[in-house]
Amino acid sequence: MTASSRAAAPASLAAEGEGLPTTEAGRLAERDHAAVPWGLWGSYLSERQWGTVREDYSAEGDAWRSFPHDHARSRAYRWGEDGLLGLCDEQCRLCFSLALWNGRDPILKERPFGLANPEGNHGEDLKDYFFHLANTPTHSFMRGLYRYPQRAFPYQHLLEENARRGREEPEYELIDTGVFADNRYFDVIVEYAKRTPHDILIRLRARNRGPEAAPLTLLPTLWLRNTWSWGYPDERRRAIQLDPASGDAVVVDPAPHLGEYRLVCRESGQWLFTDNETNTARLWGKANANPYQKDGFHRFVVEGEEGAINPAGAGSKAAILLRRTLAPDEEWVVDLRLTASAEGLRAAPFDATFDALFAAREQEWLDFFDQRVPGLGEEDRAILLAGAAGLLWSKKYYGWSVLRWLEGDPTSPPPPKERWLSGNAYWKRLHAHDIIAMPDGWEYPYFCQWDLMFHAVCFAQIDPETAKRQCLLLRNPHYTAPNAQTPAYEWELSDPNPPIGAWAAMRIFQIERKSFDTADLGFLRMAFRKLMLEYGWWANRNDRSGFNVFEGGFLGLDNIAVFDRRFPLADGSVIEQCDGTAWMAALSLNLLQIAVELSREEPEYADLCERFVVDFAQLSLSLNNPVQREFHNWDEEDGFYYDVIRRPDGSCELLRTRSLSGLIPLLAVQSFDVDTVSALPMLDMERSLTWFLHERNDPDWVKEHFCHWRHDRLLFTLVTEERLRRICQRLFDEEEFLSPYGLRSLSKVYGEHPYTFTEGDESQTLAYCPGDSPVAMFGGNSNWRGPIWMPMNFLLIEALQKFSHFYGDDLQVEFPTRSGRWLNLWQVSLELEQRLLSLFRRDSSGRRPWQGQDDRFLRDPHWRDLFLFHEYFHGDDGHGLGASHQTGWTALVCKMLDQVSRYAES
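Residues numbered from 1 in each chain as written. Predicted model: local features only at pLDDT ≥ 70, side-chain atom pairs only at ≥ 80, totals over all residues. Heavy atoms only, no water.

Visitor: I'd like to hear about the pattern of salt bridges, residue by residue, with values.
Guide: With the rule as written, the count across this model stands at 78 salt bridges. Of the charged contacts in the structure, one is a salt bridge between Glu 47 and Lys 396, with a shortest N-O distance of 3.4 Å. Of the two residues, Glu 47 is situated in the loop between strand E1 (41-42) and helix H2 (63-66) and Lys 396 in strand E18 (residues 395-401); the sequence distance between them amounts to 349 residues. Per residue, the accessibility class of Glu 47 equals that of Lys 396, and both read buried. Salt-bridge contacts for Arg 647 lead to Glu 759; the nearest nitrogen and oxygen are separated by 2.8 Å. Of this pair, Arg 647 sits in the loop between strand E23 (643-646) and strand E24 (652-655) while Glu 759 sits in strand E30 (residues 755-759), and the two are 112 residues apart along the sequence. Side by side, Arg 647 and Glu 759 carry an identical accessibility label, which is buried. Here the residues in one salt-bridge network are Arg 143, Glu 191, Arg 205, Arg 207, Asp 329, Glu 331 and Glu 362, joined through shared partners. (Salt bridge = Lys/Arg side-chain N within 4 Å of Asp/Glu carboxyl O. Helix = DSSP H or I, 4+ residues; strand = E, 2+ residues; numbered from the N terminus. Buried < 20%, exposed > 50% of the residue type's maximum accessible area, 1.4 Å probe, protein only.)

Visitor: Pulling in residues and values, what's your account of the sheet that holds strand E14 (residues 270-274)?
Guide: One open sheet holds the 6 strands; their spatial order is E1-E2-E3-E10-E16-E14, and the pairing between them is antiparallel. Of all the strands in the sheet, just E1 and E14 have a single pairing partner and so form its edges. The pairing of E14 with strand E16 (residues 317-326) spans 5 bridges and is antiparallel. By the bridge assignment, Gln 270 is partnered in E16 with Leu 321. (Pairing = 2+ DSSP bridges.)

Visitor: Before we move on, could you go through the packing of helix H12 (residues 501-516) against helix H13 (residues 521-539) and cite the residues and values that matter?
Guide: Where H12 contacts H13, the two axes come as close as 10 Å, and the packing angle between them is 175 degrees. By the angle between their axes, H12 is roughly antiparallel relative to H13. Along the contact surface, H12 presents Gly 501, Ala 502, Ala 505, Met 506, Ile 508 and Phe 509, while H13 presents Leu 521, Phe 523, Leu 524, Ala 527 and Leu 531. Taken together, the residues of the contact of H12 with H13 break down into 10 nonpolar, 1 polar and no charged. (Axes fitted to C-alpha atoms, helices over the stretch in contact; angles between N-to-C directions. Parallel < 35°, antiparallel > 145°, perpendicular 65-115°, else oblique. Contact = heavy atoms within 4.5 Å. Nonpolar A, V, L, I, M, F, W, Y, C, P; charged D, E, K, R; others polar.)

Visitor: So what about the pairing of strand E9 (residues 199-208)? Which residues, and what values?
Guide: The side chains of a regular strand alternate, residue by residue, between the two faces of the sheet. Counting buried residues along E9, 8 of its 10 residues qualify, which places the element largely inside the surrounding structure. Where strand E8 (residues 185-196) folds back onto E9 in an antiparallel hairpin, the turn is made up of 2 residues. In this sheet, strand E17 (residues 331-340) lies alongside E9 in antiparallel orientation, the contact comprising 9 bridges. Each residue of the ladder has a partner; that of Leu 201, found in E17, is Arg 337.

All quantities given are derived from atomic positions and should not be read as evidence of function.
Pasting the structure below:
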């Protein structure tokens, strides 16, 4: 949350629209300087709250079965809310969203539908189609599209067919059911435009794309998150009621940070009221404590139950019931306005300025992104706008007090004792009440630590202040553990994620400095202090063998290895990961870079530089020096880094699978110019750290493999030039890592030649699988055994650019391998960016590779220009896989568009 958006509404806002900025950049400046709370409202309403760990109160810890989709319409949430392309305030106290009914569905459509993890053949899976079309950093203009079938939504059929399919089969999607045949669907567009931070104009546009007239029921819905049922005296029940003065609007009881709000609709309809309370009679056969329940609108509209709504015209959930039969291609426009009562707009809420404001905010949205990333062609501009929209729509409210979740609420039964034995019980002081960029508002509606760092870097170019807040948020005291660990994600808060926080902080600082000529050293100092605490936690994760090799485990790469790297094998053997120590080395260099930057203005930071240089040297020795330990991750024969299996008897063996984990050593690279080294002599180990070399039996080996001078630059790297060249031969080989659409996560050679390893009684096989996950490891909904992952491609591209900055044209590689085409590493990095961007650009046939083979996306004008930014992409044909709205890290394409465009011009 921004400091500005925490401010209470002014006592009088009647004239606040006067004199406000007419550009998005101006609104951002006001928000960031705490002048006007433009961030008070936004697209913060999640797409899914059911099936989350924080809503799970079962003894088994089975979040999917304890709170399934079938409960969502009838059961009050404890920690948040969800809806369809909705919005809410920054505390998720007051929510707005759209509900729909086509006259055939068994359920009122109030939220997107998808399969729970046990129901999908590749884990949880969204089975609805909605698209994020527009958004701005202050959420002054937002647009989303929901594609609503006119036939009955095939809930049961989707469940049954996906349950029938095995892991080797493709997922069965809504479009595969035939429900959209003959274009029998409604395109429902939801738009929001802010006049002021407290005055939100809403426009709903429903168009019948089908060949015949079709009925549609709309229920624009306003409701209060249930904060009163849990027994805390400071949370009183509030209500929404029909405006007694006009009868054509509803009024919301004042909240401390909102004041009184009013929702009015231009169109006449029937206002309905119920309460956001659990229907215990339906769910568990127990008498309801309240006469009206959360599912009241569903029961009234779909089931015809007259007694399900409150005739007194009051409740904590209100909607206006609108019905119309639309002719083919007819568009139905519904206008609403959600306004703080102090705005004083009762007289003419829908005058001529209503349409004018939508037009103005839309143009300001376009102008803002043209300014942020100028010079793009029409095709790339469409990709940029869609990617940025998805990124901004990913900002969601996240609330969770782990202590209250463990102890239970005063009015609720005590949670099961087993909860105190869970891994999350250690995180008692985690208290979340923030707007956080989620990986995906439906599939992953919670923070994920390393995803969030990529999101933060994506924000840097369009909204630097949000980038900084997101980067530091999980390192605040109410998130971190007593040992300074940063939480991973709610399914297992203690999982170690790749330590990329220092990389993210430095990149945000650099991007803002380059784009806006602002060097925010205050942010960098704050980040450095928090990261130093976390660095101490990481520094204590070196393994029990004493070889200074860092324990890995999860490290974000899910099923990438032949064995599950989180656990020892049955015979006691352990896997010594090459990426664990490499990630730590990269962290040391990223912190070194921050310390060097800060020392330019504050010399006292120079003292810390020596610490990071020594740590990096020790890590380099641990990973690379065969004398240092009994095993070695580098294989000279193959020219690649591998994991090693170390047995209880001390024997070791390489696990020869070429994957992204063996490329992580490339990420530990940094160089400094001669002036910087002169100002900070401790950077030059040979001159200043003689004590370190003196204690070694192999000082020449250290100097050869640790740091290098060339053209007045000093390079720190885990990988020597000779090893870098050998790795690049594999990396840019189209029969191994190089795909037409980026770098694969696993070498393609394991397609025809799967790798099998047997250890004791355990035998596992790893094969190249460019599509969905072939195994159920880590939930089975992500696959690192072949597909293209945007974040790792981005990190590798940046590493190649750092190497290029040092070597220049002195180091050229064949790209692709065996092509006879030699490029320097900077040129290679741009070529890789072009391949990644080609996922979204039209190819020679007019198809965008991410869309797959469905002809609707090729030929249908209503589908062909829509974008989804998937979690990962098929390693051979590029079609999108995994979570379909993972526009957090996949929005890295926006940064690539900018870089490719700038260097194309030069």
